[in-house]
Amino acid sequence: MDDPLHQAKRPVSLLAGTYGHPLHPILVTVPIGAWVTSLVFDVASHLVHQPGFLAQGSLWLIAIGVLGALAAAGAGFLDLFAIPTGTRAFGTALVHMSLNLAVTAAYTTGLVWRLGDYHDPAGVPVLKIVLSAACLAVLAVSGFLGGKLTYRYGVRVADETTQAEGFAHRTPSGRATRTRTGDRS
């Protein structure tokens, strides 16, 4: 497959997911959800009378996010290998990957930093909340780049011929018919 655009759409391994259905996008929901919720727990630990359970919950959520990020990174690396080097998509993917690795390292550092306070009944200290908020800000930038890879450059997205199958109309007999471009009927 010599065409770089088509090369970036195909998985390099089934571990990355099948054609048109990559695993990386679904795996990233674990760290994103866990880390956003951990920040909510951090802030909420300053709003309740006994905040220790929220601080502990936040620590666990950060740990779950780190583990989820490692799984997402594995699938992401496989997707990266499909992108031809020297292209804009590859450069964007390298920045996306670097930001995600930095965020994961920062959350891992924050996790270790919080371990000493695990049994402390107080709320999460402000500096630890600031670290989490900064990590989420960087993660948002990285997510924007991931969206650019998918929606602008079409990395690991099925080609337009395959996508057109989803827009075929069914006849009463169950056969699919093609819709002309621009046809709104």
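Placed above this text is the structure.
Analysis parameters
Residues numbered from 1 in each chain as written. Predicted model: local features only at pLDDT ≥ 70, side-chain atom pairs only at ≥ 80, totals over all residues. Heavy atoms only, no water. Helix = DSSP H or I, 4+ residues; strand = E, 2+ residues; numbered from the N terminus. Buried < 20%, exposed > 50% of the residue type's maximum accessible area, 1.4 Å probe, protein only. Contact = heavy atoms within 4.5 Å. Axes fitted to C-alpha atoms, helices over the stretch in contact; angles between N-to-C directions. Parallel < 35°, antiparallel > 145°, perpendicular 65-115°, else oblique. Left-handed = near helix turned anticlockwise from the far one by under 90°. Nonpolar A, V, L, I, M, F, W, Y, C, P; charged D, E, K, R; others polar.

Caption draft 1: Geometry of the environment of V124. Within the element layout of this structure, V124 appears in the loop between α5 (88-115) and α6 (126-152). By relative accessible area, V124 is classed as buried at 2%. Taking the C-alpha atoms as reference, V124 lies 5.7 Å from A55; in sequence the two are 69 residues apart. Contacts of V124, omitting those with residues within four sequence positions, involve D42, S45, H46, A55, R114 and I129.

Caption draft 2: Representation of the packing of helix α4 (residues 52-82) against α5 in the model. Where α4 meets α5, the axes come as close as 10 Å, and the angle between the chain directions of the two elements is 155°. When the axes of α4 and α5 are compared, the pair comes out roughly antiparallel. Where α4 crosses over α5, the two elements pack in a sense that is left-handed. Facing S58, L59, I62, A63, V66, A69, L70, F77 and L80 of α4, the residues of α5 in contact are F90, A93, L94, M97, L101, T104, Y107, T108, L111, R114 and L115. Broken down by class, the residue content of the contact of α4 with α5 amounts to 16 nonpolar, three polar and one charged.

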